[in-house]
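# Observations on chain architecture
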Amino acid sequence: MKQSFALLLCIILLFNCKKQPEIGLITEKAMVVSAREEASKIGADILKKGGNAFDAMAATELALAVSFPYAGNIGGGGFMVYRKNNGEIGALDYREKAPIAATQNMYLDSLGNVIKGKSTLGAMAVGIPGTVAGVFATHEKFGSLPMEEIIQPVIDLAKKGVIVTQKQENRLKKHIPAFRKANSETILLDNNWKKGDTIKYMALAETLTRIQQNGRDEFYKGETAKTLAKFMQENGGLITEEDLAKYEAKWRTPVVFNYDDLKVISMAPPSSGGICLAQIMNAIEPYDLDKYGHNSVKSIQVITEAERRAYADRSFFLGDPDFVKIPKETLISKPYSTSRMESFSFDKATSSSDVSHGDITFSESNETTHYSIVDQFGNAVSVTTTINAAFGSKLYCSELGFFLNNEMDDFSSKPGVPNMFGLVGAEANKIEPEKRMLSSMTPTIVEKNGKLFMVVGTPGGSTIITSVLQTILNVHEYKMGMQEAVNQPRFHHQWLPDDIKMEPNGFSENIRNKLKSLGYKLDESNAPVIGKVDAILVLPDGKLEGGADHRGDDKAVGF
């Protein structure tokens, strides 16, 4: 009897010692997953009041401008992909645009060399913001609650203040020198803020109150527009009242493709996300990833080689579709991807110098943010928004209470010359007045058997596309839950530089050595974080599981 008891105890201990997959928040009806709990809660509260996913989009977007100024914004722009409960899909482009006075060589000196910092720091780096236009365009088309009611909790949050986290304290400390370089006066966030402090955003609360009272035109034609244009001119920028008055968000047709029994709906240009994701997934579809195993050598090889080829095409073909003709149907066709993989062999790495097309890939920075929403009616939105670098251009309008983007650096300042992230653009993405700059943002929705299955997206610059890819594969190929899928270590290849970026300590020495022996170069030093995925999975019983990335302060909230 004692032996049986001891055996049972050993079995129980062994079972408990085995690492169980982490399960994310599970809710019955609705969920918001974003970079800050405050924003997710405001979005979820709007849903509880009877609002839909589009009402919650407006609330969450504006709440991130208050709670996550690192990337959340009303001084930047973004992309939304949506799926209504009747299966209708669409996409909204509220990406920033170049000012009317912008010129192709505006960041070059008299000798034709790029002037360091001119496209990244201060007023000359700023594109025309699109966020407020995006929020109002979404609400006008699909919203159900009054905008006044949606904005009020955001105003309340700005007045009450947001508690500083450890990650936020670290970020602020790092960027204070750049704040001082870009601004002539001390700004709100340059105040030695520590974890546990509360930052109140009173000027932003006043700006949001004016927008609440006067609507979209307050930002683009009203007092706020006049103040912003004057501020930009005084600081040496190009944006005028005319630039703001002319800005419009644009409805786009999303990129749609199939992978096994999944239907993937992702963002169209001027985001490269949907086309690149389609190219990579088309290329890997014929391979048995599930049999190779998760993050195995063969799986990493197939995904890396597909990524290499898609990123080689990216900067050569892609740009603002209103300015550049894009061969979309060819790029996302399965025969094209199959032909691109003909030179791949499991025996050794392909050299990027042997893979043609385009120049070195172009990308925005890691300092973007994403949120995913599913409402109680079955509508879903996937939204990625950014001011480009951390705190954008670092230029802060104290009177209005927000940072301005440095999105102009996402253009090719000079084809063939690296931008601030060491990445090079091509002719398709040159600067032109009122043009939208190329992006990697990849807000994505996945259907399975005609029903909503996943809502997914992430920040991460050029790693956005590959992080979204791996999260979808982790669920579909490797049968993980959403939180487990988000938690997995990630890797990334973007054609040039010719190396696989890997999250440190995420891959065994055995795997790394095998990849090196096949000719792959590995880089763990420049990849501490690859994406911060915020995603939602519809479980077989219809409940929702959130995946909020532990790499940030991200949080899922729902009911």
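Note that the coordinates shown come from a computational prediction; the quantities given were computed from them, not determined experimentally.

With that settled, the discussion passes to the UniProt feature "binding site: L-glutamate" (unreviewed entry) in the protein chain. What UniProt calls "binding site: L-glutamate" (unreviewed entry) maps, in this numbering, to Arg95, Thr386, Ile387, Asn388, Asp410, Ser439, Ser440 and Gly461. Counting through the fold element by element, Ile387 comes out in the loop between strand 11 (380-386) and strand 12 (396-397). Once you skip the residues sitting within four places of it in the chain, Ile387 turns out to touch Pro69, Tyr70, Ala71, Asn73, Gly75, Gly76, Gly392, Phe403, Asn405, Asn406 and Glu407. Along the chain, the position of Ser440 falls in the loop between strand 13 (402-403) and strand 14 (444-448). For Ser440, a relative accessible area of 0% gives the class buried. For Ser440, the side chain forms a polar contact with the side chain of Arg314, separated by 2.7 Å.

The subject of this paragraph is the environment of Asn192. Looking at the secondary structure, you find Asn192 in the loop between helix 6 (166-182) and strand 6 (198-199). Its relative accessible area of 51% is what places Asn192 among the exposed residues. C-alpha of Asn192 to C-alpha of Glu169: the two residues are 23 residues apart in sequence and 8.4 Å apart in space. Here Lys194 takes part through its side chain, which lies 3.2 Å from a polar atom of the side chain of Asn192.

This paragraph deals with the packing of aromatic side chains. Aromatic ring pairs are defined here through the distance separating the ring centres and the angle between the ring planes. Applying the stated criterion across every chain, the model contains 20 aromatic pairs. On the numbers, 4.9 Å between centres and 65 degrees between planes, the contact of Phe219 with Tyr220 is edge-to-face. Each member of the pair Phe219 and Tyr220 is classed as buried. An aromatic cluster is defined as three or more aromatic residues linked by ring pairs; in this entry it consists of Phe68, Tyr70, Phe179, Phe391, Tyr396 and Phe403. The positively charged end of Lys141 is found above the aromatic ring belonging to Trp251, 4.2 Å away from the centroid. Directly above the aromatic system of Phe346 lies the positively charged group of Lys298, at a separation of 4.6 Å from the ring centroid.

Time to look at the packing of helix 4 (residues 131-142) against helix 5 (residues 147-160). Remark: helix 4 packs on helix 5, axes separated minimally by 11 Å, with the N-to-C direction vectors making an angle of 140 degrees. Of the possible angle classes, the one that applies to helix 4 and helix 5 is oblique. Contact residues: Val135, Phe136 and His139 in helix 4; Met147, Ile150 and Ile151 in helix 5. By residue class, the composition of the contact of helix 4 with helix 5 is 5 nonpolar, 1 polar and no charged.

Time to look at the sheet that holds strand 20 (residues 544-548). What the 7 strands build is an open sheet, ordered 1-20-19-15-14-9-8; its pairing is antiparallel. Two strands close off the open sheet at either side, each with one partner strand: strand 1 (26-27) and strand 8 (255-259). Summarising the sheet, strand 8 and strand 9 (residues 262-266) pair through 5 bridges and their orientation is antiparallel. Bridge assignment links Val255 to a residue of strand 9, and that residue is Ser266.

Our next topic: helix 9 (residues 223-234). With 12 residues, helix 9 ought to run about 16 Å at 1.5 Å a step, and its terminal C-alpha atoms sit 16 Å apart, in line with that. Tucked into the core, helix 9 has its buried residues touching helix 7 (202-214), helix 8 (217-220), helix 10 (241-246), strand 12 and strand 13.

Before going further, it helps to spend a moment on the UniProt feature "active site" (unreviewed entry) in the protein chain. Cross-referencing UniProt, the feature "active site" (unreviewed entry) maps to Thr368 in the present numbering. Within the element layout of this structure, Thr368 appears in strand 10 (residues 368-374). The exposure class assigned to Thr368 is buried, which follows from its relative accessible area of 2%. Those residues in contact with Thr368 that lie beyond four places of it in its chain are Ala71, Thr384, Thr385, Thr386, Met441 and Pro459. Looking at Thr368, its side chain comes within polar contact range of the side chain of Thr386, at 3.0 Å.

Each domain of the protein chain was delimited in the assignment, giving domain 1 (25-249 + 369-436) and domain 2 (252-365 + 442-558). Across the contact, 61 residues belong to domain 1 and 57 residues belong to domain 2. Of the roughly 4700 Å² buried where domain 1 meets domain 2, counting both sides, 65% is carbon and sulfur surface. A salt bridge links Lys543 to Glu28, with the nearest nitrogen and oxygen atoms 3.7 Å apart. The interface formed by domain 1 and domain 2 contains 15 residue pairs in polar contact (both at pLDDT 80 or more). Listing elements by their share of the side of domain 1 that touches domain 2, those giving two or more residues are strand 1, strand 2 (31-34), helix 2 (37-48), strand 3 (77-83), strand 4 (89-94), helix 6, strand 10 and strand 11. The residue makeup of the side of domain 1 that touches domain 2, split by class, is 28 nonpolar, 17 polar and 16 charged.

The N-to-C vectors of helix 11 (residues 273-284) and helix 13 (residues 297-317) enclose an angle of 145 degrees; their axes lie 9 Å apart at closest approach. Judged by the sense of rotation from one axis to the other, the crossing of helix 11 with helix 13 is right-handed. When helix 11 is examined against helix 13, the residues Cys276, Gln279, Ile280, Ala283 and Ile284 are found in contact with a partner set consisting of Val302, Ile303, Ala306, Glu307, Ala310, Tyr311, Asp313 and Arg314.

Attention shifts here to the environment of Ala278. Secondary-structure assignment places Ala278 in helix 11. Owing to a relative accessible area of 0%, Ala278 belongs among the buried residues under this scheme. The sequence separation of Ala278 and Phe323 amounts to 45 residues, and the corresponding C-alpha distance is 22 Å. Not counting residues within four places of it along the chain, the set of residues in contact with Ala278 comprises Val255, Phe257 and Ile332.

With that settled, consider the sheet that holds strand 11. Taken in spatial order, the 7 strands make up an open sheet running 7-4-3-11-10-2-21, and their pairing is antiparallel. Each end of this open sheet is capped by a strand with a single partner; those strands are strand 7 (250-252) and strand 21 (555-558). Going across the sheet, the axis of each strand differs from the next one's by a mean of 15 degrees, ignoring polarity. In this structure, strand 10 lies alongside strand 11, joined through 7 bridges in antiparallel fashion. Residue pairing across strands places Ser372 opposite Ser382, the latter belonging to strand 11. Those strands touched by helix 2 are strand 2, strand 10 and strand 21, and its axis lies near 160 degrees from that of strand 2.

The rules behind each value
- Residues numbered from 1 in each chain as written.
- Predicted model: local features only at pLDDT ≥ 70, side-chain atom pairs only at ≥ 80, totals over all residues.
- Heavy atoms only, no water.
- UniProt positions renumbered as here; feature names shortened; annotations may be inferred.
- Helix = DSSP H or I, 4+ residues; strand = E, 2+ residues; numbered from the N terminus.
- Contact = heavy atoms within 4.5 Å.
- Buried < 20%, exposed > 50% of the residue type's maximum accessible area, 1.4 Å probe, protein only.
- Polar contact = N/O pair within 3.5 Å; in protein donor to acceptor, adjacent residues only side chain to side chain.
- Phe/Tyr/Trp six-rings, centres within 6.5 Å; stacked < 30°, edge-to-face > 60°.
- Lys NZ or Arg CZ within 6 Å of the ring centre and 35° of its normal.
- Axes fitted to C-alpha atoms, helices over the stretch in contact; angles between N-to-C directions.
- Parallel < 35°, antiparallel > 145°, perpendicular 65-115°, else oblique.
- Nonpolar A, V, L, I, M, F, W, Y, C, P; charged D, E, K, R; others polar.
- Pairing = 2+ DSSP bridges.
- Expected span 1.5 Å × (residues − 1).
- Domains from an automatic or database assignment.
- Buried area = accessible area lost by both parts, 1.4 Å probe.
- Salt bridge = Lys/Arg side-chain N within 4 Å of Asp/Glu carboxyl O.
- Left-handed = near helix turned anticlockwise from the far one by under 90°.

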